[in-house]
Amino acid sequence: QVRLVESGGGLVQAGGSLRLSCAASGRTFSSYGMGWFRQAPGKEREFVAAISWSGGSTSYADSVKGRFTISRDNAKNTVTLQMNSLKPEDTAVYYCAADSSQVKLRRNPDYWGQGTQVTVSS
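Here is a short report on the structure shown in this document. (Residues numbered from 1 in each chain as written. Predicted model: local features only at pLDDT ≥ 70, side-chain atom pairs only at ≥ 80, totals over all residues. Heavy atoms only, no water.)

**Here's the deal with the pattern of salt bridges**
Applying the stated criterion across every chain, the model contains 6 salt bridges. A salt bridge links arginine 67 to aspartate 90, with the nearest nitrogen and oxygen atoms 2.7 Å apart. Taken together, the residues arginine 67 in the loop between strand 6 (58–60) and strand 7 (68–73) and aspartate 90 in the loop between strand 8 (78–83) and strand 9 (92–99) connect sequence positions 23 residues apart. Of the two residues examined, arginine 67 and aspartate 90, each falls in the buried class. For aspartate 110, the salt bridge is made with lysine 104, and the minimal N-O distance between the two is 2.3 Å. Its relative accessible area of 47% is what places aspartate 110 among the partly exposed residues. Taking the relative accessible area as the measure of exposure, lysine 104 reaches 30% and is therefore partly exposed. Each of the salt bridges in this network shares a partner with another, and the network as a whole consists of Arg38, Glu46, Arg67 and Asp90. (Salt bridge = Lys/Arg side-chain N within 4 Å of Asp/Glu carboxyl O. Helix = DSSP H or I, 4+ residues; strand = E, 2+ residues; numbered from the N terminus. Buried < 20%, exposed > 50% of the residue type's maximum accessible area, 1.4 Å probe, protein only.)

The following block contains the structure:
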């Protein structure tokens, strides 16, 4: 079992930045790929970014490429999403996720955090 706890959400003006963190506990963190998803009101949850267990491979949704950066620290069991140049359409609840399969991670990961709200005002 892997427990994930997100932090760092909040309210920011368009063009601003936020940094989300996800603390993991339980099974060996470094064995899992980690990802971020988001869900806006009235919309389905969507993939945002993912990082491999080693941190050597990352992937992003087209909508956030060049603005968001995912990273991880296996010594601290944390994964971070740095969000820059935020837009009102980035407003959503952001979820941290984990799975031992990189393929499954982007589609239907086994483990989820409780979510943190990000609101971008125009």
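Once the structure has been displayed, the description carries forward.
**Topic: the side chain of threonine 80**
In this structure, threonine 80 sits in strand 8. Those residues in contact with threonine 80 that sit more than four places away from it in its chain are Arg19, Leu20, Ser21, Trp36, Thr69, Ile70 and Ser71. (Contact = heavy atoms within 4.5 Å.)

**Re the sheet that holds strand 8**
Across the sheet, which stays open at both edges, the 4 strands sit in the order 1-3-8-7 with antiparallel pairing between neighbours. Here the strands that pair on one side only, and so sit at the sheet edges, are strand 1 (2–7) and strand 7. When the angles between neighbouring strand axes are averaged without regard to direction, this sheet yields 15°. Sheet topology note: the strand 1/strand 3 (residues 18–26) ladder contains 6 bridges and is antiparallel. Bridge pairing in strand 3 places leucine 4 opposite alanine 24. (Pairing = 2+ DSSP bridges. Axes fitted to C-alpha atoms, helices over the stretch in contact; angles between N-to-C directions.)

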